[in-house]
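# Summary of the model geometry
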Amino acid sequence: MPPAPVDHESRREDVSRAVWQVLAEKGFGGLTLRAVAAAMGVSTGMLMHYFTAKRALIAHALSLLESNTAGRPRREHPAPGLATVRVMLLDILPLTPDDTARNRIWVSSWDLSLADDALAAEQAERYTRLRATLSPHLSVARDAGELPPDADPDQLAATAVAFTHGLVVQALFDPDRFPEDVQTAMLDGFLASLATD
(Lines give C-alpha, C1' and ligand atoms only; values in the text may rest on other atoms or scores of the structure.)
Protein backbone atom coordinates (compact mmCIF):
# COMPACT_ATOMS: atom_id res chain seq x y z
CA MET A 1 0.00 0.00 0.00
CA PRO A 2 1.54 3.36 -1.04
CA PRO A 3 2.15 5.96 1.68
CA ALA A 4 -0.50 8.63 2.18
CA PRO A 5 0.18 11.79 0.18
CA VAL A 6 1.77 14.60 2.15
CA ASP A 7 -0.07 17.91 2.39
CA HIS A 8 2.97 20.10 1.78
CA GLU A 9 1.18 23.37 2.54
CA SER A 10 -0.03 22.04 5.89
CA ARG A 11 3.44 20.68 6.64
CA ARG A 12 5.02 24.05 5.84
CA GLU A 13 2.64 25.67 8.33
CA ASP A 14 3.65 23.07 10.94
CA VAL A 15 7.30 23.84 10.27
CA SER A 16 6.68 27.58 10.58
CA ARG A 17 4.87 27.13 13.89
CA ALA A 18 7.75 25.02 15.21
CA VAL A 19 10.33 27.58 14.05
CA TRP A 20 8.38 30.33 15.82
CA GLN A 21 8.13 28.21 18.99
CA VAL A 22 11.89 27.69 19.04
CA LEU A 23 12.53 31.38 18.40
CA ALA A 24 10.18 32.39 21.22
CA GLU A 25 11.84 29.98 23.66
CA LYS A 26 15.49 30.16 22.63
CA GLY A 27 15.99 33.05 20.21
CA PHE A 28 18.13 32.76 17.11
CA GLY A 29 21.00 31.37 19.17
CA GLY A 30 18.97 28.22 19.82
CA LEU A 31 17.51 27.93 16.32
CA THR A 32 18.77 24.65 14.88
CA LEU A 33 17.29 21.96 12.67
CA ARG A 34 17.44 19.60 15.64
CA ALA A 35 15.50 22.03 17.87
CA VAL A 36 12.82 22.59 15.23
CA ALA A 37 12.53 18.85 14.59
CA ALA A 38 12.14 18.22 18.32
CA ALA A 39 9.41 20.86 18.54
CA MET A 40 7.58 19.10 15.71
CA GLY A 41 8.29 15.56 16.92
CA VAL A 42 9.92 14.61 13.60
CA SER A 43 13.40 13.70 12.37
CA THR A 44 15.93 16.25 11.21
CA GLY A 45 15.96 14.35 7.94
CA MET A 46 12.36 15.34 7.30
CA LEU A 47 13.25 19.00 7.85
CA MET A 48 16.07 18.75 5.32
CA HIS A 49 13.34 18.66 2.66
CA TYR A 50 12.52 22.24 3.65
CA PHE A 51 15.89 23.61 4.76
CA THR A 52 18.99 22.25 3.09
CA ALA A 53 21.24 24.43 5.26
CA LYS A 54 21.13 26.50 8.44
CA ARG A 55 21.17 29.66 6.31
CA ALA A 56 17.83 28.67 4.74
CA LEU A 57 16.34 28.06 8.19
CA ILE A 58 17.49 31.49 9.38
CA ALA A 59 16.10 33.18 6.27
CA HIS A 60 12.74 31.50 6.87
CA ALA A 61 12.79 32.51 10.53
CA LEU A 62 13.49 36.15 9.65
CA SER A 63 10.68 36.08 7.12
CA LEU A 64 8.32 34.70 9.78
CA LEU A 65 9.45 37.36 12.22
CA GLU A 66 8.85 40.13 9.71
CA SER A 67 5.37 38.75 8.88
CA ASN A 68 4.51 38.42 12.56
CA THR A 69 5.68 41.98 13.21
CA ALA A 70 3.75 43.39 10.25
CA GLY A 71 0.58 41.54 11.29
CA ARG A 72 0.66 42.41 14.98
CA PRO A 73 -2.23 44.40 16.48
CA ARG A 74 -1.54 48.13 16.32
CA ARG A 75 -3.03 51.18 17.94
CA GLU A 76 -5.33 53.33 15.85
CA HIS A 77 -3.64 56.42 14.46
CA PRO A 78 -5.06 59.64 15.95
CA ALA A 79 -4.73 63.08 14.37
CA PRO A 80 -1.78 63.52 11.99
CA GLY A 81 1.44 64.83 13.48
CA LEU A 82 3.21 64.02 16.74
CA ALA A 83 0.20 62.14 18.11
CA THR A 84 0.53 59.59 15.31
CA VAL A 85 4.32 59.43 15.71
CA ARG A 86 3.77 58.67 19.40
CA VAL A 87 1.41 55.79 18.60
CA MET A 88 3.76 54.37 15.99
CA LEU A 89 6.64 54.36 18.48
CA LEU A 90 4.48 52.87 21.23
CA ASP A 91 3.74 50.00 18.85
CA ILE A 92 7.48 49.21 18.77
CA LEU A 93 8.08 49.14 22.52
CA PRO A 94 7.86 45.93 24.60
CA LEU A 95 4.71 46.97 26.47
CA THR A 96 2.88 43.61 26.30
CA PRO A 97 4.06 40.00 26.64
CA ASP A 98 3.67 39.43 22.89
CA ASP A 99 5.59 42.61 22.05
CA THR A 100 8.29 41.65 24.54
CA ALA A 101 8.68 38.19 22.97
CA ARG A 102 8.81 39.66 19.48
CA ASN A 103 11.43 42.22 20.50
CA ARG A 104 13.52 39.51 22.19
CA ILE A 105 13.55 37.57 18.94
CA TRP A 106 14.49 40.65 16.91
CA VAL A 107 17.35 41.52 19.26
CA SER A 108 18.59 37.91 19.17
CA SER A 109 18.72 38.16 15.35
CA TRP A 110 21.13 41.10 15.34
CA ASP A 111 24.22 38.98 16.03
CA LEU A 112 23.48 36.84 12.98
CA SER A 113 22.78 39.89 10.84
CA LEU A 114 26.04 41.55 11.83
CA ALA A 115 27.96 38.43 10.74
CA ASP A 116 26.25 38.06 7.34
CA ASP A 117 26.42 40.78 4.70
CA ALA A 118 23.13 39.80 3.04
CA LEU A 119 21.26 39.68 6.36
CA ALA A 120 22.86 42.97 7.40
CA ALA A 121 21.64 44.59 4.19
CA GLU A 122 18.11 43.27 4.80
CA GLN A 123 18.18 44.62 8.35
CA ALA A 124 19.41 48.01 7.14
CA GLU A 125 16.56 48.06 4.64
CA ARG A 126 14.04 47.35 7.42
CA TYR A 127 15.32 50.37 9.33
CA THR A 128 15.18 52.48 6.18
CA ARG A 129 11.52 51.53 5.72
CA LEU A 130 10.73 52.26 9.37
CA ARG A 131 12.30 55.72 9.18
CA ALA A 132 10.43 56.35 5.93
CA THR A 133 7.08 55.59 7.60
CA LEU A 134 7.78 58.10 10.39
CA SER A 135 9.19 60.95 8.32
CA PRO A 136 5.93 62.08 6.64
CA HIS A 137 4.20 62.35 10.02
CA LEU A 138 7.08 64.43 11.35
CA SER A 139 6.74 66.68 8.28
CA VAL A 140 3.06 67.17 9.13
CA ALA A 141 4.01 67.93 12.75
CA ARG A 142 6.54 70.54 11.60
CA ASP A 143 4.07 72.15 9.19
CA ALA A 144 1.43 72.23 11.95
CA GLY A 145 3.79 74.06 14.30
CA GLU A 146 4.31 71.09 16.64
CA LEU A 147 8.02 71.09 15.77
CA PRO A 148 10.45 73.94 15.08
CA PRO A 149 10.14 75.28 11.52
CA ASP A 150 13.71 74.24 10.67
CA ALA A 151 13.22 70.65 11.89
CA ASP A 152 14.49 67.99 9.47
CA PRO A 153 11.88 65.19 9.38
CA ASP A 154 14.32 62.58 8.07
CA GLN A 155 16.87 63.34 10.78
CA LEU A 156 14.16 63.35 13.45
CA ALA A 157 12.89 59.99 12.18
CA ALA A 158 16.40 58.55 12.55
CA THR A 159 16.68 60.03 16.05
CA ALA A 160 13.26 58.68 17.05
CA VAL A 161 14.10 55.16 15.84
CA ALA A 162 17.45 55.24 17.64
CA PHE A 163 15.82 56.42 20.87
CA THR A 164 13.02 53.86 20.68
CA HIS A 165 15.26 50.90 19.96
CA GLY A 166 17.63 51.95 22.72
CA LEU A 167 14.66 51.94 25.08
CA VAL A 168 13.63 48.51 23.76
CA VAL A 169 17.03 47.07 24.65
CA GLN A 170 17.02 48.59 28.15
CA ALA A 171 13.49 47.34 28.82
CA LEU A 172 14.39 43.82 27.68
CA PHE A 173 17.46 43.61 29.91
CA ASP A 174 16.02 45.43 32.92
CA PRO A 175 12.21 45.07 32.83
CA ASP A 176 11.80 45.98 36.50
CA ARG A 177 13.51 49.32 35.89
CA PHE A 178 11.59 49.96 32.64
CA PRO A 179 7.99 48.78 33.07
CA GLU A 180 5.23 49.95 30.74
CA ASP A 181 4.52 53.26 32.51
CA VAL A 182 8.22 54.21 32.61
CA GLN A 183 8.68 53.40 28.92
CA THR A 184 5.63 55.46 28.03
CA ALA A 185 6.74 58.41 30.17
CA MET A 186 10.21 58.31 28.64
CA LEU A 187 8.78 58.28 25.13
CA ASP A 188 6.53 61.23 25.97
CA GLY A 189 9.51 63.12 27.39
CA PHE A 190 11.50 62.40 24.25
CA LEU A 191 8.72 63.66 21.99
CA ALA A 192 8.33 66.77 24.14
CA SER A 193 12.04 67.46 23.70
CA LEU A 194 11.63 67.37 19.91
CA ALA A 195 9.03 70.11 20.16
CA THR A 196 11.39 72.39 22.10
CA ASP A 197 12.77 75.13 19.90
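One can find the structure itself at the top, above this paragraph.
In this report, the structure presented in the accompanying data block is examined. Counting of residues starts from 1 at the beginning of each chain's written sequence and follows it residue by residue. In view of the model being predicted, local features appear only for residues whose pLDDT reaches at least 70, and side-chain atom pairs are presented and counted only at 80 or more, with totals across whole chains, interfaces and linings using the full set of residues. Water and hydrogen atoms were dropped before computing side-chain values, which therefore reflect all heavy atoms in the structure.

Turning our eyes to something else, we now look at the overall build of the protein. Per the secondary structure count, the protein includes nine helices and zero strands. Numbering of helices and strands runs from the N terminus, with a helix taken as a DSSP run of H or I at least four residues long and a strand as a DSSP run of E at least two residues long. In sequence order, the secondary structure elements of the protein are arranged as α-α-α-α-α-α-α-α-α. Seen through its C-alpha atoms, the protein measures out along the principal axes to roughly 75 × 35 × 30 Å. Here, two residues are considered to be in contact whenever any of their heavy atoms come within 4.5 Å of each other. Contacts in the protein between residues far apart in sequence, at least 24 positions, make up 62% of those at least 6 positions apart.

Next up on the list: the packing of helix H5 (residues 82-90) against helix H7 (residues 117-143). Every axis in this analysis is a line fitted to C-alpha atoms, fitted for helices over the stretch in contact. Angles between the N-to-C directions lie between 0 and 180 degrees. Two elements in contact, H5 and H7, have axes separated by 8 Å at closest approach and are oriented at 155 degrees. Classified by the angle between their axes, H5 and H7 sit roughly antiparallel to one another. The handedness of the crossing between H5 and H7 comes out as left-handed. Along the contact surface, H5 presents Leu82, Thr84, Val85, Met88 and Leu89, while H7 presents Thr133, Leu134, His137, Leu138 and Ala141. Classes in brief: Ala, Val, Leu, Ile, Met, Phe, Trp, Tyr, Cys and Pro nonpolar; Asp, Glu, Lys and Arg charged; the others, Gly included, polar. Taken together, the residues that form the contact of H5 with H7 break down as seven nonpolar, three polar and no charged. When an angle is under 35 degrees it counts as roughly parallel; over 145 it counts as roughly antiparallel; between 65 and 115 it counts as roughly perpendicular; any other value is oblique. Helix crossings are classified by the rotation of the near helix relative to the far one: an anticlockwise turn of less than a right angle makes the crossing left-handed, while a clockwise turn makes it right-handed.

On to the environment of threonine 96, then. For threonine 96, the position within the fold is in the loop between H5 and helix H6 (97-114). Each C-alpha atom of the pair threonine 96 and glutamate 180 lies 8.1 Å from the other, and the pair is 84 residues apart in sequence. Polar contact is defined as a pair of N or O atoms within 3.5 Å, subject to the rule that within protein one atom must be able to donate a hydrogen and the other to accept it, and that residues adjacent in sequence are counted only when both atoms are side-chain atoms. Within the local environment of threonine 96, its side chain forms a polar contact with the backbone nitrogen of aspartate 99, the two atoms lying 3.1 Å apart.

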